[in-house]
Amino acid sequence: MSINFGDGAKRAIVFSFFVVVACLLAVVSAEDPYRFFTWNVTYGDIYPLGVRQQGILINGQFPGPDIDSVSNDNLIINVYNSLPEPFLISWNGVLQRKNSWEDGVYGTNCPIPPGKNFTYVMQVKDQIGSFFYFPSLAFHKAAGGFGGIRILSRPLIPVPFPKPDGDYTVLIGDWYKKNHTTLKKILDRGHKLPFPDGILIQGRGSNGASYTVEQGKTYRFRISNVGLQNSLNFRIQGHKLKLVEVEGTHTMQTTYSSLDVHVGQSYSILVTADRPAQDYYIAVSSRFTTKILTSTAILRYSNSAGSVQGPPPGGPTTEIDWSLRQARSIRTNLTASGPRPNPQGSYHYGLINTTRTIILGNSADSVNGKQRYAVNSVSFIPTDTPLKLADHFKIGGVFRVGSISDKPTGHGMYLDTSVMGADFRAFVEIVFHNKENIVQSWHFDGHSFFVVGMDGGLWTPDRRQEYNLRDAIARCTIQVYPRSWTAIYVALDNVGMWNLRSEFWARQYLGQQFYMRVYSPVESIRDENPIPTNALLCGRASGRHTRPL
(Lines give C-alpha, C1' and ligand atoms only; values in the text may rest on other atoms or scores of the structure.)
Protein backbone atom coordinates (compact mmCIF):
# COMPACT_ATOMS: atom_id res chain seq x y z
CA MET A 1 0.00 0.00 0.00
CA SER A 2 1.36 3.41 -0.91
CA ILE A 3 0.59 6.69 0.77
CA ASN A 4 0.78 10.02 -1.03
CA PHE A 5 1.79 13.09 0.95
CA GLY A 6 0.82 16.58 -0.01
CA ASP A 7 3.44 19.30 -0.58
CA GLY A 8 2.84 20.80 2.88
CA ALA A 9 3.29 17.44 4.58
CA LYS A 10 6.43 16.79 2.58
CA ARG A 11 7.86 20.15 3.61
CA ALA A 12 7.00 19.38 7.24
CA ILE A 13 8.69 15.98 7.05
CA VAL A 14 11.81 17.46 5.43
CA PHE A 15 11.91 20.25 8.02
CA SER A 16 11.57 17.72 10.87
CA PHE A 17 14.34 15.61 9.34
CA PHE A 18 16.74 18.56 9.28
CA VAL A 19 15.78 19.50 12.84
CA VAL A 20 16.59 15.97 14.02
CA VAL A 21 19.90 15.99 12.10
CA ALA A 22 20.80 19.40 13.53
CA CYS A 23 20.03 18.20 17.05
CA LEU A 24 22.13 15.09 16.56
CA LEU A 25 25.02 17.16 15.23
CA ALA A 26 24.69 19.51 18.19
CA VAL A 27 24.89 16.59 20.59
CA VAL A 28 27.89 15.10 18.79
CA SER A 29 29.79 18.38 18.59
CA ALA A 30 28.82 19.73 22.00
CA GLU A 31 31.83 20.49 24.14
CA ASP A 32 32.20 19.35 27.71
CA PRO A 33 31.50 22.03 30.33
CA TYR A 34 34.06 24.70 31.20
CA ARG A 35 34.87 25.86 34.71
CA PHE A 36 36.81 29.08 35.20
CA PHE A 37 39.02 30.00 38.13
CA THR A 38 41.07 33.13 38.80
CA TRP A 39 43.69 32.86 41.52
CA ASN A 40 45.97 35.50 43.01
CA VAL A 41 48.99 34.02 44.79
CA THR A 42 50.41 36.18 47.58
CA TYR A 43 52.36 36.01 50.80
CA GLY A 44 50.51 36.65 54.04
CA ASP A 45 50.78 36.14 57.76
CA ILE A 46 49.55 32.78 59.03
CA TYR A 47 49.55 31.31 62.56
CA PRO A 48 48.92 27.55 62.15
CA LEU A 49 51.00 26.56 65.20
CA GLY A 50 50.50 29.76 67.18
CA VAL A 51 53.47 31.70 65.83
CA ARG A 52 53.46 34.14 62.93
CA GLN A 53 54.81 32.76 59.67
CA GLN A 54 55.03 33.82 56.07
CA GLY A 55 52.49 31.67 54.27
CA ILE A 56 51.42 31.34 50.63
CA LEU A 57 47.80 32.35 50.16
CA ILE A 58 45.55 31.80 47.16
CA ASN A 59 42.89 34.50 46.97
CA GLY A 60 43.75 35.26 50.58
CA GLN A 61 43.09 31.69 51.73
CA PHE A 62 45.27 29.15 53.56
CA PRO A 63 44.80 26.38 52.51
CA GLY A 64 43.73 27.45 49.05
CA PRO A 65 40.22 27.09 47.60
CA ASP A 66 38.92 23.69 46.53
CA ILE A 67 38.52 22.87 42.86
CA ASP A 68 35.09 21.28 42.37
CA SER A 69 34.54 19.63 38.99
CA VAL A 70 32.88 16.75 37.15
CA SER A 71 34.61 14.14 34.99
CA ASN A 72 35.42 15.50 31.51
CA ASP A 73 35.15 19.14 32.62
CA ASN A 74 37.53 21.63 31.06
CA LEU A 75 39.33 23.63 33.76
CA ILE A 76 40.62 27.11 32.97
CA ILE A 77 42.74 28.30 35.92
CA ASN A 78 44.30 31.74 35.57
CA VAL A 79 47.09 32.08 38.15
CA TYR A 80 48.51 35.53 38.97
CA ASN A 81 51.89 35.33 40.66
CA SER A 82 52.08 38.20 43.16
CA LEU A 83 55.10 36.70 44.91
CA PRO A 84 58.54 38.32 44.49
CA GLU A 85 59.91 35.07 42.99
CA PRO A 86 58.91 32.54 40.31
CA PHE A 87 56.04 30.17 41.08
CA LEU A 88 54.39 27.01 39.71
CA ILE A 89 51.41 24.88 40.72
CA SER A 90 51.20 21.15 40.07
CA TRP A 91 48.13 18.89 40.18
CA ASN A 92 48.79 15.80 42.28
CA GLY A 93 46.95 12.87 40.68
CA VAL A 94 45.12 14.76 37.91
CA LEU A 95 46.30 12.71 34.95
CA GLN A 96 46.63 15.42 32.26
CA ARG A 97 45.81 13.09 29.38
CA LYS A 98 47.98 13.93 26.32
CA ASN A 99 48.92 17.16 28.07
CA SER A 100 52.15 17.22 30.06
CA TRP A 101 52.32 20.89 28.99
CA GLU A 102 50.14 21.71 32.02
CA ASP A 103 51.82 19.45 34.60
CA GLY A 104 53.23 22.35 36.59
CA VAL A 105 56.69 21.03 37.50
CA TYR A 106 59.95 22.58 36.33
CA GLY A 107 60.77 19.69 34.02
CA THR A 108 57.75 20.56 31.90
CA ASN A 109 56.90 24.22 32.54
CA CYS A 110 58.72 27.51 32.82
CA PRO A 111 57.93 29.23 36.12
CA ILE A 112 55.42 32.06 36.25
CA PRO A 113 57.57 35.20 36.68
CA PRO A 114 56.83 37.62 39.53
CA GLY A 115 54.01 39.98 38.63
CA LYS A 116 52.89 37.84 35.68
CA ASN A 117 50.15 35.30 35.13
CA PHE A 118 49.69 31.98 33.40
CA THR A 119 46.46 30.22 32.47
CA TYR A 120 46.39 26.46 32.92
CA VAL A 121 44.05 24.82 30.40
CA MET A 122 43.32 21.17 31.14
CA GLN A 123 40.57 18.59 30.98
CA VAL A 124 39.88 16.06 33.73
CA LYS A 125 39.19 13.51 31.03
CA ASP A 126 37.64 10.19 32.12
CA GLN A 127 38.70 10.72 35.72
CA ILE A 128 36.98 10.83 39.09
CA GLY A 129 38.14 11.02 42.67
CA SER A 130 40.04 12.97 45.32
CA PHE A 131 43.30 14.80 44.63
CA PHE A 132 45.10 18.02 45.55
CA TYR A 133 47.25 20.78 44.09
CA PHE A 134 50.44 22.24 45.52
CA PRO A 135 53.33 24.61 44.66
CA SER A 136 56.20 22.69 43.10
CA LEU A 137 59.11 25.15 42.93
CA ALA A 138 61.82 25.92 45.49
CA PHE A 139 60.49 24.88 48.91
CA HIS A 140 57.13 26.65 48.54
CA LYS A 141 55.23 23.54 49.61
CA ALA A 142 56.39 24.23 53.17
CA ALA A 143 54.54 27.56 53.07
CA GLY A 144 51.09 26.50 51.84
CA GLY A 145 49.63 27.16 48.42
CA PHE A 146 47.88 23.79 48.43
CA GLY A 147 44.20 22.86 48.19
CA GLY A 148 41.81 20.01 47.44
CA ILE A 149 40.54 18.78 44.07
CA ARG A 150 37.23 16.92 43.74
CA ILE A 151 36.25 15.28 40.47
CA LEU A 152 32.71 13.88 40.60
CA SER A 153 31.22 11.24 38.34
CA ARG A 154 29.02 12.38 35.48
CA PRO A 155 25.30 12.11 36.30
CA LEU A 156 24.69 9.08 34.06
CA ILE A 157 27.53 7.04 35.61
CA PRO A 158 26.50 5.44 38.92
CA VAL A 159 28.57 5.70 42.08
CA PRO A 160 28.71 2.52 44.24
CA PHE A 161 27.30 4.20 47.35
CA PRO A 162 24.39 6.52 48.12
CA LYS A 163 25.02 10.22 47.66
CA PRO A 164 26.50 11.47 50.96
CA ASP A 165 24.79 14.25 52.89
CA GLY A 166 27.97 16.32 52.83
CA ASP A 167 31.42 16.34 51.27
CA TYR A 168 34.45 17.62 53.20
CA THR A 169 38.07 18.14 52.15
CA VAL A 170 40.54 17.33 54.93
CA LEU A 171 44.14 18.31 54.20
CA ILE A 172 46.60 16.91 56.74
CA GLY A 173 50.35 17.24 56.95
CA ASP A 174 53.40 17.80 59.09
CA TRP A 175 54.48 21.42 59.62
CA TYR A 176 57.37 23.57 60.78
CA LYS A 177 57.33 26.80 62.72
CA LYS A 178 60.28 28.02 60.64
CA ASN A 179 59.51 29.88 57.42
CA HIS A 180 59.97 27.96 54.20
CA THR A 181 62.87 30.24 53.27
CA THR A 182 64.75 29.13 56.39
CA LEU A 183 64.06 25.47 55.64
CA LYS A 184 65.30 25.95 52.07
CA LYS A 185 68.55 27.50 53.34
CA ILE A 186 69.11 24.47 55.59
CA LEU A 187 68.83 22.19 52.55
CA ASP A 188 70.91 24.47 50.32
CA ARG A 189 73.71 24.38 52.88
CA GLY A 190 73.78 20.62 52.62
CA HIS A 191 72.02 19.66 55.84
CA LYS A 192 68.98 17.53 56.67
CA LEU A 193 65.75 19.08 57.91
CA PRO A 194 64.99 18.87 61.64
CA PHE A 195 61.99 16.99 62.96
CA PRO A 196 58.68 18.83 62.27
CA ASP A 197 57.02 20.93 64.98
CA GLY A 198 53.45 19.75 64.56
CA ILE A 199 50.61 18.39 62.45
CA LEU A 200 48.05 20.54 60.65
CA ILE A 201 44.46 19.59 59.89
CA GLN A 202 43.01 21.85 57.22
CA GLY A 203 45.74 24.41 57.89
CA ARG A 204 45.25 24.55 61.65
CA GLY A 205 46.78 23.05 64.77
CA SER A 206 44.91 21.17 67.50
CA ASN A 207 41.19 21.87 67.80
CA GLY A 208 41.42 24.64 65.21
CA ALA A 209 39.30 22.90 62.56
CA SER A 210 35.79 21.52 62.95
CA TYR A 211 33.32 19.64 60.75
CA THR A 212 29.59 19.82 61.46
CA VAL A 213 27.35 16.80 60.86
CA GLU A 214 23.71 15.97 61.48
CA GLN A 215 22.84 12.92 63.52
CA GLY A 216 21.95 9.89 61.41
CA LYS A 217 23.45 11.25 58.19
CA THR A 218 26.51 10.06 56.25
CA TYR A 219 29.37 12.27 55.08
CA ARG A 220 32.27 11.92 52.68
CA PHE A 221 35.70 13.01 53.93
CA ARG A 222 38.41 13.41 51.28
CA ILE A 223 41.70 13.09 53.14
CA SER A 224 45.01 14.11 51.53
CA ASN A 225 48.45 14.09 53.13
CA VAL A 226 49.95 17.34 51.80
CA GLY A 227 52.87 17.30 54.25
CA LEU A 228 56.60 17.19 53.66
CA GLN A 229 57.78 13.85 54.98
CA ASN A 230 55.70 11.99 57.58
CA SER A 231 53.16 9.22 57.16
CA LEU A 232 50.08 10.05 59.22
CA ASN A 233 47.28 8.06 60.85
CA PHE A 234 43.71 9.43 60.68
CA ARG A 235 40.86 8.42 63.02
CA ILE A 236 37.61 9.75 64.48
CA GLN A 237 36.65 9.11 68.09
CA GLY A 238 33.88 6.48 68.32
CA HIS A 239 33.27 6.34 64.56
CA LYS A 240 34.10 3.86 61.80
CA LEU A 241 35.76 4.85 58.54
CA LYS A 242 34.39 3.18 55.41
CA LEU A 243 36.91 3.48 52.58
CA VAL A 244 35.23 4.09 49.20
CA GLU A 245 37.80 5.67 46.87
CA VAL A 246 41.57 6.01 46.47
CA GLU A 247 43.03 8.52 44.00
CA GLY A 248 40.43 7.93 41.33
CA THR A 249 39.51 4.29 41.98
CA HIS A 250 36.39 3.04 43.79
CA THR A 251 37.48 0.53 46.40
CA MET A 252 36.00 -2.48 48.09
CA GLN A 253 34.12 -0.82 50.95
CA THR A 254 36.21 -1.99 53.86
CA THR A 255 35.64 -0.46 57.29
CA TYR A 256 38.61 0.65 59.39
CA SER A 257 39.03 2.14 62.86
CA SER A 258 41.92 4.26 61.56
CA LEU A 259 43.70 4.80 58.27
CA ASP A 260 47.37 5.32 57.43
CA VAL A 261 47.80 8.08 54.84
CA HIS A 262 51.31 8.35 53.47
CA VAL A 263 52.82 11.52 52.04
CA GLY A 264 51.14 12.57 48.80
CA GLN A 265 48.26 10.10 49.10
CA SER A 266 44.50 10.79 48.99
CA TYR A 267 41.60 8.71 50.32
CA SER A 268 37.81 9.09 50.46
CA ILE A 269 35.94 7.68 53.46
CA LEU A 270 32.29 7.63 54.47
CA VAL A 271 31.47 8.44 58.10
CA THR A 272 27.97 8.02 59.54
CA ALA A 273 27.00 10.27 62.44
CA ASP A 274 25.44 7.40 64.42
CA ARG A 275 26.69 8.24 67.90
CA PRO A 276 25.06 10.24 70.74
CA ALA A 277 24.85 13.92 69.86
CA GLN A 278 27.99 15.60 71.16
CA ASP A 279 31.43 16.64 69.90
CA TYR A 280 34.08 14.03 69.01
CA TYR A 281 37.80 14.21 68.37
CA ILE A 282 39.30 13.80 64.92
CA ALA A 283 42.89 12.75 65.61
CA VAL A 284 45.90 12.73 63.26
CA SER A 285 49.29 11.50 64.42
CA SER A 286 52.69 10.81 62.90
CA ARG A 287 53.61 7.22 62.11
CA PHE A 288 56.94 5.40 62.35
CA THR A 289 58.56 8.22 64.35
CA THR A 290 60.25 7.97 67.75
CA LYS A 291 58.49 11.11 68.88
CA ILE A 292 54.77 10.98 68.08
CA LEU A 293 53.18 14.22 66.92
CA THR A 294 49.38 14.43 67.30
CA SER A 295 46.86 17.06 66.30
CA THR A 296 43.10 17.13 66.68
CA ALA A 297 40.03 18.62 65.04
CA ILE A 298 36.39 18.40 66.09
CA LEU A 299 33.53 16.39 64.59
CA ARG A 300 30.58 18.46 65.81
CA TYR A 301 27.01 17.16 65.80
CA SER A 302 24.61 19.97 64.91
CA ASN A 303 22.47 19.10 67.95
CA SER A 304 25.49 18.51 70.18
CA ALA A 305 24.70 18.16 73.85
CA GLY A 306 28.25 18.79 74.98
CA SER A 307 31.93 19.14 74.20
CA VAL A 308 34.37 16.31 73.57
CA GLN A 309 34.81 13.78 76.36
CA GLY A 310 37.91 11.83 77.30
CA PRO A 311 41.29 11.84 75.57
CA PRO A 312 41.70 11.77 71.78
CA PRO A 313 41.61 8.22 70.38
CA GLY A 314 44.97 6.50 70.21
CA GLY A 315 46.50 5.31 66.97
CA PRO A 316 47.88 1.89 66.03
CA THR A 317 50.29 0.50 68.58
CA THR A 318 52.11 -1.78 66.15
CA GLU A 319 54.35 -0.48 63.43
CA ILE A 320 55.05 -1.79 59.94
CA ASP A 321 53.11 -5.08 60.01
CA TRP A 322 49.79 -3.40 60.86
CA SER A 323 50.22 -0.79 58.13
CA LEU A 324 51.34 -3.37 55.58
CA ARG A 325 48.29 -5.55 56.22
CA GLN A 326 46.02 -2.53 55.86
CA ALA A 327 47.67 -1.52 52.58
CA ARG A 328 47.21 -5.02 51.17
CA SER A 329 43.52 -4.97 52.13
CA ILE A 330 42.80 -1.98 49.89
CA ARG A 331 41.38 -3.46 46.68
CA THR A 332 39.54 -2.25 43.60
CA ASN A 333 35.76 -2.64 43.49
CA LEU A 334 35.51 -4.58 40.21
CA THR A 335 31.74 -4.14 39.93
CA ALA A 336 31.76 -0.35 40.26
CA SER A 337 31.54 1.87 37.20
CA GLY A 338 34.60 3.87 36.29
CA PRO A 339 34.68 7.39 34.86
CA ARG A 340 33.47 5.84 31.62
CA PRO A 341 30.27 3.75 31.57
CA ASN A 342 32.00 0.40 32.06
CA PRO A 343 33.11 -1.52 35.17
CA GLN A 344 36.49 -0.72 36.70
CA GLY A 345 37.45 -4.40 36.41
CA SER A 346 36.96 -4.48 32.64
CA TYR A 347 40.66 -3.68 32.16
CA HIS A 348 42.30 -7.04 32.82
CA TYR A 349 45.79 -5.83 33.67
CA GLY A 350 46.80 -9.26 35.00
CA LEU A 351 46.46 -10.80 31.53
CA ILE A 352 48.82 -8.32 29.85
CA ASN A 353 52.46 -9.30 29.44
CA THR A 354 54.92 -6.73 30.71
CA THR A 355 57.61 -5.76 28.23
CA ARG A 356 60.11 -4.25 30.66
CA THR A 357 61.09 -4.37 34.33
CA ILE A 358 62.44 -1.22 35.96
CA ILE A 359 63.94 -1.50 39.44
CA LEU A 360 64.34 1.77 41.37
CA GLY A 361 66.53 2.04 44.44
CA ASN A 362 66.56 5.11 46.70
CA SER A 363 69.70 6.23 48.49
CA ALA A 364 71.01 8.99 50.75
CA ASP A 365 74.61 10.20 50.72
CA SER A 366 76.73 13.31 50.43
CA VAL A 367 78.09 14.78 47.22
CA ASN A 368 80.78 17.45 47.47
CA GLY A 369 80.21 17.52 51.21
CA LYS A 370 76.48 18.21 50.97
CA GLN A 371 73.47 16.03 51.69
CA ARG A 372 71.91 14.61 48.52
CA TYR A 373 69.38 11.90 47.64
CA ALA A 374 69.25 9.74 44.53
CA VAL A 375 67.43 7.16 42.43
CA ASN A 376 69.68 4.40 41.05
CA SER A 377 72.72 6.45 42.13
CA VAL A 378 71.67 9.56 40.14
CA SER A 379 70.84 12.71 42.09
CA PHE A 380 68.73 14.90 39.80
CA ILE A 381 69.81 18.46 39.04
CA PRO A 382 67.55 20.84 37.07
CA THR A 383 68.77 22.60 33.93
CA ASP A 384 68.27 26.13 32.66
CA THR A 385 65.51 24.93 30.30
CA PRO A 386 62.50 22.74 31.10
CA LEU A 387 63.05 19.28 29.64
CA LYS A 388 59.72 19.25 27.84
CA LEU A 389 60.55 22.45 25.97
CA ALA A 390 64.04 21.21 25.08
CA ASP A 391 62.52 18.00 23.74
CA HIS A 392 59.84 19.81 21.75
CA PHE A 393 62.20 22.33 20.15
CA LYS A 394 64.95 19.69 19.80
CA ILE A 395 67.46 21.76 21.77
CA GLY A 396 70.61 19.74 22.36
CA GLY A 397 72.74 19.69 25.48
CA VAL A 398 69.89 20.03 27.97
CA PHE A 399 69.37 16.36 28.83
CA ARG A 400 70.29 12.90 27.66
CA VAL A 401 67.76 10.08 27.36
CA GLY A 402 69.14 7.07 29.21
CA SER A 403 71.04 9.13 31.78
CA ILE A 404 69.55 6.92 34.50
CA SER A 405 69.75 3.14 34.55
CA ASP A 406 66.78 0.74 34.63
CA LYS A 407 68.30 -0.90 37.71
CA PRO A 408 70.44 0.10 40.69
CA THR A 409 74.07 0.27 39.60
CA GLY A 410 75.79 -0.20 42.95
CA HIS A 411 78.00 2.77 42.12
CA GLY A 412 78.46 5.89 44.21
CA MET A 413 76.02 8.79 43.98
CA TYR A 414 76.57 11.44 41.29
CA LEU A 415 74.74 14.46 39.89
CA ASP A 416 72.98 14.47 36.52
CA THR A 417 69.76 15.53 34.82
CA SER A 418 68.28 12.05 34.82
CA VAL A 419 65.82 11.13 32.05
CA MET A 420 64.66 7.58 31.35
CA GLY A 421 63.33 6.74 27.91
CA ALA A 422 60.14 4.70 27.49
CA ASP A 423 57.93 3.68 24.58
CA PHE A 424 54.37 4.91 24.25
CA ARG A 425 51.83 2.16 25.02
CA ALA A 426 54.41 -0.08 26.69
CA PHE A 427 53.16 -2.04 29.71
CA VAL A 428 55.91 -2.11 32.31
CA GLU A 429 56.69 -3.44 35.75
CA ILE A 430 58.33 -1.02 38.20
CA VAL A 431 59.78 -2.30 41.46
CA PHE A 432 60.68 0.17 44.21
CA HIS A 433 63.47 -1.16 46.44
CA ASN A 434 63.89 0.55 49.80
CA LYS A 435 67.02 -0.50 51.69
CA GLU A 436 66.72 2.36 54.16
CA ASN A 437 65.06 2.27 57.56
CA ILE A 438 62.33 4.77 56.69
CA VAL A 439 59.00 4.63 54.88
CA GLN A 440 59.28 6.02 51.37
CA SER A 441 56.50 7.48 49.24
CA TRP A 442 56.62 7.74 45.42
CA HIS A 443 54.44 9.55 42.89
CA PHE A 444 54.27 9.22 39.09
CA ASP A 445 52.82 12.23 37.28
CA GLY A 446 50.46 11.63 34.39
CA HIS A 447 49.78 7.97 35.16
CA SER A 448 47.74 5.70 37.37
CA PHE A 449 49.29 2.32 38.19
CA PHE A 450 48.27 -1.03 39.68
CA VAL A 451 49.88 -1.87 43.03
CA VAL A 452 50.43 -5.58 42.45
CA GLY A 453 52.63 -6.44 45.43
CA MET A 454 54.55 -5.27 48.49
CA ASP A 455 56.50 -7.04 51.19
CA GLY A 456 59.62 -6.96 53.32
CA GLY A 457 63.08 -7.98 52.24
CA LEU A 458 64.52 -8.00 48.74
CA TRP A 459 62.43 -8.38 45.60
CA THR A 460 63.30 -11.27 43.29
CA PRO A 461 61.47 -12.48 40.16
CA ASP A 462 60.00 -15.29 42.27
CA ARG A 463 57.95 -12.71 44.18
CA ARG A 464 55.76 -12.32 41.10
CA GLN A 465 53.99 -15.48 42.18
CA GLU A 466 52.56 -13.44 45.08
CA TYR A 467 51.26 -10.58 42.89
CA ASN A 468 47.60 -9.60 42.95
CA LEU A 469 46.69 -9.82 39.27
CA ARG A 470 42.94 -9.43 39.68
CA ASP A 471 41.81 -6.51 41.86
CA ALA A 472 44.89 -4.51 42.88
CA ILE A 473 44.17 -0.88 43.63
CA ALA A 474 44.96 1.61 40.85
CA ARG A 475 46.44 4.88 42.14
CA CYS A 476 49.26 7.40 41.52
CA THR A 477 51.16 7.51 44.87
CA ILE A 478 52.49 4.49 46.73
CA GLN A 479 54.45 3.80 49.91
CA VAL A 480 57.45 1.51 50.27
CA TYR A 481 58.06 0.26 53.78
CA PRO A 482 61.52 0.15 55.43
CA ARG A 483 63.83 -2.52 54.00
CA SER A 484 60.97 -3.60 51.74
CA TRP A 485 59.76 -3.48 48.16
CA THR A 486 56.63 -2.45 46.29
CA ALA A 487 55.82 -3.53 42.72
CA ILE A 488 53.48 -1.78 40.29
CA TYR A 489 52.24 -2.37 36.76
CA VAL A 490 51.71 0.72 34.64
CA ALA A 491 50.48 1.27 31.09
CA LEU A 492 52.55 4.08 29.60
CA ASP A 493 49.53 5.43 27.73
CA ASN A 494 50.31 9.13 28.13
CA VAL A 495 52.91 10.70 25.84
CA GLY A 496 55.04 13.36 27.48
CA MET A 497 57.84 14.16 29.90
CA TRP A 498 56.60 12.92 33.29
CA ASN A 499 58.09 13.38 36.75
CA LEU A 500 58.62 10.29 38.93
CA ARG A 501 59.64 11.49 42.39
CA SER A 502 59.91 10.94 46.08
CA GLU A 503 57.05 12.65 47.88
CA PHE A 504 59.40 13.41 50.79
CA TRP A 505 59.85 16.98 49.68
CA ALA A 506 63.37 17.54 51.02
CA ARG A 507 64.49 14.39 49.19
CA GLN A 508 62.76 15.48 46.00
CA TYR A 509 64.38 18.92 46.32
CA LEU A 510 67.81 17.35 46.80
CA GLY A 511 67.64 15.00 43.85
CA GLN A 512 65.41 11.98 44.51
CA GLN A 513 63.45 12.24 41.29
CA PHE A 514 63.81 11.75 37.56
CA TYR A 515 61.76 12.19 34.39
CA MET A 516 60.33 9.47 32.19
CA ARG A 517 60.12 10.45 28.54
CA VAL A 518 57.15 8.51 27.17
CA TYR A 519 57.79 8.82 23.46
CA SER A 520 55.86 8.18 20.27
CA PRO A 521 57.79 8.60 17.00
CA VAL A 522 54.57 9.52 15.21
CA GLU A 523 54.38 12.91 16.99
CA SER A 524 50.67 13.16 16.28
CA ILE A 525 48.07 15.34 18.01
CA ARG A 526 46.12 12.09 18.35
CA ASP A 527 48.67 11.07 20.99
CA GLU A 528 49.70 14.41 22.49
CA ASN A 529 48.31 17.92 22.46
CA PRO A 530 50.36 20.53 20.59
CA ILE A 531 52.29 23.09 22.59
CA PRO A 532 49.82 25.69 23.95
CA THR A 533 49.95 29.11 22.34
CA ASN A 534 50.28 30.66 25.81
CA ALA A 535 53.20 28.43 26.85
CA LEU A 536 55.84 30.31 28.82
CA LEU A 537 59.28 30.07 27.20
CA CYS A 538 62.52 30.40 29.14
CA GLY A 539 66.15 29.33 29.14
CA ARG A 540 67.35 28.12 25.76
CA ALA A 541 63.73 28.02 24.55
CA SER A 542 63.37 31.80 24.88
CA GLY A 543 62.40 33.50 21.63
CA ARG A 544 60.98 30.35 20.08
CA HIS A 545 57.47 30.37 18.65
CA THR A 546 54.52 28.18 19.58
CA ARG A 547 52.18 26.97 16.92
CA PRO A 548 48.40 27.49 17.20
CA LEU A 549 46.29 24.99 19.14
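Because the structure is a prediction, the values reported are computed rather than measured.

Provide a residue-level description of unusual backbone geometry, including the pertinent values.
The omega torsion across Phe62 and Pro63 is -10°, close enough to zero to call that bond cis. Relative to the helices and strands, Pro63 is located in the loop between β2 (53–58) and β3 (67–70). At Ala138, a residue that is not glycine, the phi angle is positive and equals roughly 50°. Mapping Ala138 onto the fold places it in the loop between β7 (129–135) and β8 (147–152). For Ala138, a relative accessible area of 30% gives the class partly exposed.

Explain the packing of aromatic side chains to me, using residue names and the numbers behind them.
The geometry of an aromatic ring pair comes down to the distance between the two centres and the angle between the two planes. For the structure shown, the criterion picks out 24 aromatic pairs. Seen from their ring centres, Tyr168 and Tyr219 are 6.3 Å apart, and the 25° between their planes marks the pair as stacked. Remark: Tyr219 occurs in strand β12 (residues 218–225) and Tyr168 occurs in strand β9 (residues 166–175); sequence separation between them is 51 residues. Each ring, one from Tyr168 and one from Phe221, has its centre 5.4 Å from the other, and the planes form 40°; the classification is tilted. Residue Tyr168 is located in strand β9, and its partner Phe221 is located in strand β12; the two are separated by 53 residues in the primary sequence. We classify Tyr168 as partly exposed; its relative accessible area is 24%.

Give a description of the confidence of the model for the protein that names residues and reports values.
Chain-level statistics for the protein give a pLDDT mean of 93 and a share of 94% at 70 or above. Note that residues 1–29 has pLDDT below 50 and, in this model, two contacts with residues that lie over four places away or in other chains.

Procedures and definitions
In this numbering scheme, every chain counts its residues from 1 along its sequence in written order. With pLDDT at 70 or above as the cut-off, local features in this predicted model cover only qualifying residues; side-chain atom pairs require 80 or more to be listed or tallied, and sums for whole chains, interfaces and linings still use all residues. Excluding hydrogens and water, the side-chain values take into account all heavy atoms of the structure. Counting from the N terminus, the helices are DSSP H or I runs at least four residues long and the strands are E runs at least two residues long. Only protein chains enter the area calculation, which uses a 1.4 Å probe; residues under 20% of their type maximum are buried, those over 50% are exposed, and those in between are partly exposed. By convention, a stacked pair of Phe, Tyr or Trp rings (six-membered ring in the case of Trp) has centres within 6.5 Å and planes under 30 degrees apart, an edge-to-face pair has planes over 60 apart, and any other such pair is tilted. Here pLDDT means the predictor's own confidence in every residue, given as a number from 0 to 100. Residues are treated as being in contact if the distance between any of their heavy atoms lies within 4.5 Å.

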